[in-house]
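Results of the structural survey
As a plain string of letters, each chain reads:
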Amino acid sequence: MKPIVLCGPTASGKTELALELARQTGGIIVSADSRQVYTRLTIGTAKPQGAWHDGTYEVDGVPYLLVDFLPVTDTFNAGAFRTLAREIAARYAGRQLIFAGGTGMYLHAYFVGMDELPPGTAETRRQLAALLNEKGKEGLHNALAEKDPVSAAAIPAGNVQRTMRALELCLLTGRPASELKSGKFFQLPDATQSSWVYLAWNKDALNARIARRTEQIFDPMCAEAKTLLEEGYPSDIPALKSLGYPQAVDYLQGKLSRQKAIEQIATLTRQYAKRQRTWFGRYTNALKLDLHATEDFEPHALARRIIKFAQY
């Protein structure tokens, strides 16, 4: 049976809908969320409340995989997600897999593929940092234009991170970064192999949901951050770079007022949701669930509609 993929922006109800789908299909859920992987961070990452039983994290009796397993000092990426998701698919062959999450690159890597590009090194990062310091953003972009005009034309001069990565690939491989890319980034998932569902909330309604959730999670988020800091973890560990936690840390350290911290988190979350809408909106072969108001989000009915779409 084909996996069902629930995608959409943050605060769109993916977790609740995934659990309802799992109940109706007897399926299991695979989380595609880059921050719910961490232990110790629960409320602030909107991780579903569950518990470990015999090596499996369960939420209301439903296996909910790839959450709550990574130490707060570790990093995770799309390649690691793809490897673990493949292991899960093999282990649970014959069960309905329900992928749910907002980290689009993870889902794309698993269902479409990703280019195997070499990781950066300390030396290349040092070289590029020195170039940036000496020449600035424009000089960095000009250097890319000399080595890889195709990439330079596609990357705005102000996007330092992408410019540096493209230059880094040139340094590591001796080839233009544009020649290393297969085009998988722009491909759609094969509809015969997976059924995609996009939760398309009205912008104003989603922003209201984001505002409510930010207010609700702020104090527990601060408590989670405070515990880690009191245990001696530095504020720049990977887990505390998760959306909202830097503002929580600033509040705890007296650098931001409570209200200002909440406002900044809500703004950053809205901006993140906008990027997610852009990313997932390109999957034109997905079932688009238009949600205009809270009453439109009825998990039981939506799950039945999704199952029919997936021809379960």
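Right above here is the structure, for reference.
Quick notes on the rules
Residues numbered from 1 in each chain as written. Predicted model: local features only at pLDDT ≥ 70, side-chain atom pairs only at ≥ 80, totals over all residues. Heavy atoms only, no water. Helix = DSSP H or I, 4+ residues; strand = E, 2+ residues; numbered from the N terminus. Rg over C-alpha atoms; globule rule 2.2 N^0.38 Å. Buried < 20%, exposed > 50% of the residue type's maximum accessible area, 1.4 Å probe, protein only. Contact = heavy atoms within 4.5 Å. Areas by Shrake-Rupley, 256 points an atom, 1.4 Å probe, with all protein chains shown as cover. Salt bridge = Lys/Arg side-chain N within 4 Å of Asp/Glu carboxyl O. Phe/Tyr/Trp six-rings, centres within 6.5 Å; stacked < 30°, edge-to-face > 60°. Lys NZ or Arg CZ within 6 Å of the ring centre and 35° of its normal. Pairing = 2+ DSSP bridges. Axes fitted to C-alpha atoms, helices over the stretch in contact; angles between N-to-C directions. Parallel < 35°, antiparallel > 145°, perpendicular 65-115°, else oblique.

**Here's the deal with the overall build of the protein chain**
- For the protein chain, the count of helices and strands is 11 helices and eight strands.
- Relative to the compact-globule value of 20 Å for 312 residues, the protein chain shows a C-alpha radius of gyration of 21 Å, a close match.
- In terms of overall dimensions, the protein chain has C-alpha extents of about 60 × 50 × 40 Å along its principal axes.
- Within the span of the protein chain, comprising 312 residues, buried residues form 47% of the whole.
- A separation of at least 24 residues holds for 73% of the contacts in the protein chain among residues at least 6 apart in sequence.
- Only carbon and sulfur atoms are counted for the fraction: they give 50% of the accessible area of the protein chain, which is about 15,400 Å².

**Some points on the environment of Ile 237**
- Structurally, the position occupied by Ile 237 is in the loop between helix 8 (203–230) and helix 9 (245–252).
- Between the C-alpha atom of Ile 237 and that of Ile 306, which follows or precedes it by 69 residues, the distance is 39 Å.
- Once residues within four sequence positions are removed from consideration, Ile 237 is found in contact with Val 72, Thr 73 and Leu 228.

**Description of the pattern of salt bridges**
- If you walk through the whole model with that rule in mind, you get 10 salt bridges.
- When the shortest N-O distance is used, the salt bridge between Arg 40 and Glu 231 registers 2.7 Å. Here Arg 40, found in the loop between strand 2 (28–31) and strand 3 (51–53), pairs with Glu 231, found in the loop between helix 8 and helix 9; they are 191 residues apart in sequence, far enough to count as distant.
- Given a relative accessible area of 35%, Arg 40 falls into the partly exposed group.
- With a closest N to O distance of 3.9 Å, Lys 226 and Glu 230 form a salt bridge.

**Structural notes on the packing of aromatic side chains**
- Going through the model one piece at a time under the given rule, you end up with 12 aromatic pairs.
- Here the aromatic rings of Phe 76 and Tyr 106 are separated by 5.8 Å at their centres, their planes lie at 75 degrees, and the arrangement is edge-to-face. Taken together, the positions of Phe 76 in the loop between strand 5 (62–65) and helix 2 (78–91) and Tyr 106 in helix 3 (residues 104–111) put the pair 30 residues apart, joining distant regions of the chain.
- On the numbers, 6.3 Å between centres and 40 degrees between planes, the contact of Phe 280 with Tyr 283 is tilted. Take Phe 280 and Tyr 283: they sit in the same class, and that class is buried.
- Taken together, the ring pairs in this structure connect Phe 99, Tyr 110, Phe 111, Trp 196, Phe 280 and Tyr 283 into an aromatic cluster.
- Seen from the ring of Phe 297, Arg 209 lies directly overhead, with NZ or CZ sitting 5.6 Å from the centre.

**Regarding the sheet that holds strand 3**
- Spatial strand order, 3-4-5-2-6-1-7-8: eight strands in an open sheet with mixed pairing. Each edge of the open sheet is held by one strand with a lone partner, namely strand 3 and strand 8 (287–291). Within the sheet, the average angular offset between the axes of one strand and its neighbour, ignoring direction, is 30 degrees.
- Bridging between strand 7 (residues 195–201) and strand 8 involves five bridges; their strand directions are parallel. Bridge pairing links Tyr 198 to Lys 288 in strand 8.

**A word on the pairing of strand 1 (residues 4–7)**
- The side-chain alternation of strand 1 yields two buried faces, one formed by Ile 4 and Leu 6 and the other by Val 5 and Cys 7.
- The pairing of strand 1 with strand 6 (residues 97–100) spans three bridges and is parallel. Bridge pairing in strand 6 links Leu 6 to Ala 100.
- Pairing between strand 1 and strand 7: four bridges, direction parallel. Each residue of the ladder has a partner; that of Leu 6, found in strand 7, is Val 197.

**Observations concerning the side chain of Ser 151**
- The topology assignment puts Ser 151 in helix 5 (residues 149–154).
- If we ignore the near neighbours within four places in the chain, the residues touching Ser 151 are Leu 144, Ala 166, Ala 177 and Ser 178.

**Focus: the packing of helix 8 against helix 9**
- The geometry of helix 8 relative to helix 9 is characterised by a closest axis approach of 9 Å and an angle of 75 degrees between their N-to-C directions. It follows that helix 8 is roughly perpendicular to helix 9 by the angle criterion. Here Phe 218, Met 221, Cys 222, Glu 224, Ala 225, Lys 226 and Leu 229 of helix 8 lie close against helix 9, whose contacting residues are Tyr 245, Ala 248, Val 249, Tyr 251 and Leu 252.

**Notes on the side chain of Thr 42**
- When you line up the elements, Thr 42 lands in the loop between strand 2 and strand 3.
- Its relative accessible area of 19% is what places Thr 42 among the buried residues.
- Setting aside residues no more than four positions away along its own chain, Thr 42 makes contact with Lys 47, Gln 49, Glu 224 and Tyr 245.

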